[in-house]
Amino acid sequence: MAQMMLLITPELCTGCRLCEGACSFHHYRVIQPSRSRITVVKFEDRGLDVPVTCLQCDDAPCVAACPTSALWKDEESGLVVYEAERCIGCKSCITACPFGGVGWDAETNSILKCDWCGGDPQCARICPTGAIKWVRADQADDTKRRMVALRMQEVAQNLMAPKRAGV
Amino acid sequence: MVELGGYAGRYLRVDLSAGKIWVRETPKELIRNYLGGLGFAVKILWDEVDEHTDPLGPDNRLVISTGPLTGTMFPAAGRYQVNAKSPLTGIWGHANAGGFFGPELKFAGYDFIVIQGRAERPIYLVIDDDLVELRDASHLWGEERNGRFYGGKTTFETIQMIREELGDETFKVAAIGPAGENTVRFASIINDLGNAAGRTGMGAVMGSKRLKAIAVRGSRGVRVAKPELFMEVVDDAYRKLLVDWGDALKETLTKYGTPNLVEAINAMGRMPVKNHWTGYWEKAHLIGGERIREEFRVKQASCFGCLVQCKYLVRSRKEPYAGIYKGPEYEALVSFGSSLLVEDVEAVFYANHLADLYGMDSISLGMTIAWAMESWEHGLLTKEDTGGLDLSWGNAEAMVELVKKTAFREGFGNVIAEGSKRASEIVGRGTERFAMHVKGNEISAQDGRAHQSSGLTHATAARGADHLTSLSCLEERGYEQVAAERYGADKVKDLVDPQSTRYKGWLVWDLEMLYALGNSLIICWYEVGWPPVFYYPDMARAVAAATGIAEFGDPNEVKRIAKRIAILRRMFNVREGLRRKDDTLPERFLKEPMPTGPAKGHVCRLDEMLDDYYEAAGIDKETGVPKDETLRELGLGELAGRWR
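All values derive from a computational prediction rather than experimental measurement.

Engineer: What is the right way to look at the overall build of chain B in this model?
Structural biologist: Regarding its fold elements, chain B presents 29 helices and 19 strands. Relative to a compact globule of 644 residues, whose C-alpha radius of gyration would be 26 Å, chain B shows 23 Å and is just as compact. The principal-axis extents of the C-alpha atoms in chain B amount to approximately 65 × 60 × 50 Å. For chain B, with 644 residues in total, the buried portion stands at 63%. At a minimum sequence separation of 6, the contacts of chain B that also span at least 24 residues come to 68%.

Right under this line is the structure:
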């Protein structure tokens, strides 16, 4: 099976944070953004919203940093797997991750890291704008191109439309 | 303590005079009888405030409340309520705002906050889960020297500075600006850079208490009683919004935001123009949704957990208005645009932005300036009064200048800061007839001459002329199917006819209860009011699954609670001395036929609807006081017979 990925397009994100609710609810049955494995970073003064989560790196710094092999790369699915039983809570992975994709859950003393919800990521499922999409990794560029092309088509259509008088 | 879903189970009481803070359990009776949000506040303000309370005195209570659905996955449950006796109207006051502050308060583990007293010096309140403290805000507060007001950080500056002080950008902050500090009577509270709890001067109440801001960060989250069932309810709600109403939303609110209303409402001749003189403007497209989308919109935005996503940002490149701003809502486009005949939409963006920065309600502010411009037109105000400002219709520069002066109570701004009713009494000379208010609150962007039931809404709403209390969009947008399902096919013809007064009293009362329920749960008006997606059964199902309280699952029971809330809110005003005579409109709506546009020739036939409204609500038609039997039926028997 082809590897999948979460395709994140920040310019489509409106910052509603439904992804955070869906993520925490899926994992803990509580709506609790502080324990979500995806976080929308908001720059309110500029109107920017950026969903940040684990990118499941191929050559993952967190895997390299983990002294107990609690984190390891599953070559087949592409997921960086977290085994809580092996984790000693040293937080090296949080330090090592260049994206802030790994967090700390104070309630269970374990890390917060995306596990793709077992193959049906709830963040992508709930996202109302398409800012988070669950796509085949080898087709992600197609998806992105298509989104950009759609937007360009809209611009082109607007250019072709007759302008209202006086505007 | 029994674990209830949806609620945090505790609340905060803050006495600013004593500098004390208490954490208390949310009373079960309060939950059972008043549900949350607006309901909580109605009960608390009924008990703790009375007709002798000075709205700007230490005895007034500021109640900031969430509901059982706040912060859950139910769509658009990201709002919170701010409630107090209003310094603008002297009666019931509340405002409601979106963004992210409300959910964060719930996540921190509190259903509501009651704030009383007055701090000795400016302070702000920090809530970080269990850590709650008052901090010095002197550096954020302005000062008065030689009768002039200096400094006072804007709402945006305050929010950012507090976040820096606390070392975390994710604190959600609700703050007042200079206008709140100066107790401008329609001062607002702004949270998350641009969400406003705007109406009835809640920011002035905060200012009178010397409370500059409330910062909150919460990690606890919200539990629901029946997670699987609740998620089913949420899925159904999503389906209703995205599938059943999906096409309608995609082409309106989601695409344009509320500016979409400008063209539509103008086409029915109901968009206030020139201080409510008429309801149609041939230049409406200049401030309309199409134009804003094509020329200025740069980004869509959203409140917490919303699928409608009506918020947006605009960019102006024209000096002196250049910048990126929260896009104005329909109401602000009217109050700074068509109401003043200001054609320059970029000036409207800027005025609306300044209203947010300084913390003022864009509706009351714009409509009070409209009063001044009409008084100017009739020669009742001159440059001597205005300090040299030329208040001719359409003067965008003067509007912007007056917005600034009002926040700082400078010159003529000190008169505008009192709101149209008081301002017209201060000036006198017959300018009273141009003050478009009901009960002291400026009339929002509807007109009862073009949409009869909106006149009834303005006349009867508890916080004064307001649309969100009970406005019907059935006739506004022609929702025949909804009208038939809810009220019966035989009534559809009248219900969707804006000029028919038949059944409208009953309709407005039904919606007053429905929106009281929405404001108690709390879910957004843009899925309950327009479009009319959720009705009593949907809300009952959601709140029962969230809380685990079986009785809430009965639509008749939640409707009874909603009625209790609406009636006790009315009793608050009755206690203040309001009676039937106060449920009225300015003469302009009752006696001056609409001069132009599609509704030309019509007046608002308020009397034809009022009796029906009172009858539907169980209110005495002579006095306007809820009947004894109504009070008893709602468990409010102890109030019976005390007010006539």
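Additional details are given in the paragraphs that follow.
Engineer: Help me understand the overall build of chain A in this model?
Structural biologist: Along its length, chain A carries 5 helices and 8 strands. Taken from N to C terminus, the helices and strands of chain A fall in the order β-α-β-β-α-β-β-α-β-β-α-β-α. Dimensions of chain A, computed from C-alpha atoms along their principal axes, come out at roughly 70 × 35 × 25 Å. Partitioning the intrachain contacts of chain A with sequence separation of at least 6 by distance along the chain shows that 56% fall at a separation of at least 24.

Engineer: Can you walk me through the environment of A:Ala106 in this structure?
Structural biologist: Inspection of the secondary structure assignment puts A:Ala106 in the loop between strand E6 (103-105) and strand E7 (110-112). Each C-alpha atom, one on A:Ala106 and one on A:Ala2, is 35 Å from the other, the two residues being 104 residues apart in sequence.

Engineer: Looking at this structure, I do not really get the sheet that holds strand E16 (residues 311-316) of chain B. What am I missing?
Structural biologist: In sheet architecture, strand pairing relies on hydrogen bonds along the backbone and comes in two forms, parallel and antiparallel. Residue and element names in this part refer to chain B. Here 3 strands make up an open sheet; going across it, the order is E15-E16-E17 and the pairing antiparallel. Each of the sheet's edge strands pairs with one partner strand only, and the pair in question is strand E15 (297-301) and strand E17 (323-326). Pairwise comparison of adjacent strand axes, ignoring direction, gives a mean angle of 20 degrees for this sheet. Relative to E17, E16 is paired through 4 bridges, and the arrangement is antiparallel.

Engineer: Explanation requested: the packing of helix H13 (residues 345-358) of chain B against helix H16 (residues 396-407) of chain B in the structure shown.
Structural biologist: Relative placement of two packed helices is described by the angle separating their axes and the distance separating the axes. All names here are of chain B. In contact at an axis separation of 10 Å, H13 and H16 are set at 0 degrees when each is read in the N-to-C sense. With respect to H16, the axis of H13 lies roughly parallel. Across from Ala347, Tyr350, Ala351, Leu354, Ala355 and Tyr358 in H13, the residues of H16 making contact are Ala396, Met399, Val400, Val403, Lys404 and Ala407. Tallied by class, the residues present in the contact of H13 with H16 amount to 11 nonpolar, no polar and 1 charged.

Engineer: Help me understand H16(B), please; the structure alone is not making it clear to me.
Structural biologist: Owing to its 3.6 residues per turn, the α-helix brings residues three or four apart onto one side. All names here are of chain B. Along its 12 residues, H16 runs 17 Å from first to last C-alpha, staying within 8% of the 16 Å computed at 1.5 Å per residue. Counting buried positions along H16 yields 9 of 12 residues, so the element is predominantly enclosed. All of the buried residues in H16 are Ala396, Ala398, Met399, Glu401, Leu402, Val403, Lys405, Thr406 and Ala407. Buried residues belonging to H16 abut helix H5 (178-181), helix H12 (330-336), H13, helix H14 (362-377) and helix H17 (413-416).

Engineer: Which parts of the structure should I look at to understand unusual backbone geometry?
Structural biologist: Most peptide bonds take the trans form, and the phi angle of most residues other than glycine is negative. The linkage connecting B:Glu319 with the following residue, B:Pro320, adopts the cis geometry, with an omega of 0 degrees. Structurally, B:Pro320 can be placed in the loop between E16 and E17. The omega torsion of the bond from B:Trp530 to B:Pro531 falls at -10 degrees, within 30 degrees of zero and hence cis. Residue placement: B:Pro531 occurs in the loop between helix H24 (525-528) and helix H25 (536-547). Positive phi outside glycine occurs at A:Ser69, with the angle close to 55 degrees. Topologically, A:Ser69 is positioned in the loop between helix H2 (61-65) and strand E4 (71-73). A:Ser69 gets classed as exposed once you count the C-beta atoms within 10 Å, which come to 10. Of note, the phi angle at B:Lys439 is positive, near 60 degrees, even though the residue is not glycine.

Engineer: Help me understand the environment of B:Lys621 in this model?
Structural biologist: Residue and element names in this part refer to chain B. Its location among the elements puts lysine 621 in the loop between helix H28 (607-617) and helix H29 (628-633). Separated by 11 residues in the primary sequence, lysine 621 and leucine 610 have C-alpha atoms spaced 8.3 Å apart. Those residues in contact with lysine 621, other than ones at most four positions away along the chain, are Asp611 and Tyr614.

Engineer: Explanation requested: the domain arrangement of chain B in the structure shown.
Structural biologist: One frequent convention defines the size of an interface as the accessible area lost when the parts assemble. Residue and element names in this part refer to chain B. Under the domain assignment used here, chain B contains domain 1 (10-217), domain 2 (257-442) and domain 3 (452-639). Each of domain 1 and domain 3 was reduced to a C-alpha centroid, and the two centroids are 27 Å apart. With 37 residues of domain 1 at the interface, the matching set in domain 3 holds 29 residues. Elements with a minimum of two residues in the side of domain 1 that touches domain 3: helix H1 (28-34), helix H2 (37-48), strand E4 (80-85) and strand E5 (92-97). Of all the elements, H2 adds the most residues to the side of domain 1 that touches domain 3, at 7 residues. Residues belonging to the side of domain 1 that touches domain 3 are distributed by class as follows: 15 nonpolar, 17 polar and 5 charged.

Engineer: Please clarify how the nonpolar core should be interpreted in this entry.
Structural biologist: Note that soluble globular proteins tend to have their nonpolar side chains buried in a common cluster. Ranked by size, the top nonpolar core spans 255 residues in total, and within it A:Cys19, B:Val63, B:Tyr124, B:Met399 and B:Val543 carry the most contacts. If sequence neighbours within four positions are ignored, A:Cys19 has contacts with A:Ile38, A:Val40, A:Pro51, A:Cys123, A:Ile126, A:Cys127 and A:Ile132.

Engineer: Is there a simple way to think about the interface of chain A and chain B in this case?
Structural biologist: Taken together, the 22 residues of chain A in the interface contact 25 residues of chain B. The dominant element in the side of chain A that touches chain B, judged by the number of residues it contributes, is helix H1 (residues 18-28) of chain A, at 4 residues. Across the side of chain A that touches chain B, the residue classes tally to 8 nonpolar, 8 polar and 6 charged.

Engineer: So what exactly am I meant to see when it comes to the sheet that holds E4(B) here?
Structural biologist: All names here are of chain B. Spatially, 6 strands are ordered E2-E1-E6-E3-E4-E5 in an open sheet, and the strand pairing comes out mixed. The open sheet has two edge strands, strand E2 (20-25) and E5, and neither has a second partner. Going across the sheet, the axis of each strand differs from the next one's by a mean of 15 degrees, ignoring polarity. Both strand E3 (residues 62-65) and strand E6 (residues 112-116) contribute to a ladder of 4 bridges, which runs antiparallel.

Conventions and cut-offs
- Residues numbered from 1 in each chain as written.
- Chains lettered and ligands numbered in written order.
- Predicted model: local features only at pLDDT ≥ 70, side-chain atom pairs only at ≥ 80, totals over all residues.
- Helix = DSSP H or I, 4+ residues; strand = E, 2+ residues; numbered from the N terminus.
- Rg over C-alpha atoms; globule rule 2.2 N^0.38 Å.
- Buried ≥ 20, exposed ≤ 12 C-beta atoms within 10 Å, placed from the backbone.
- Contact = placed C-beta atoms within 7 Å.
- Pairing = 2+ DSSP bridges.
- Axes fitted to C-alpha atoms, helices over the stretch in contact; angles between N-to-C directions.
- Parallel < 35°, antiparallel > 145°, perpendicular 65-115°, else oblique.
- Nonpolar A, V, L, I, M, F, W, Y, C, P; charged D, E, K, R; others polar.
- Expected span 1.5 Å × (residues − 1).
- Domains from an automatic or database assignment.
- Core = buried A, V, L, I, M, F, W, Y, C linked by C-beta atoms within 7 Å.

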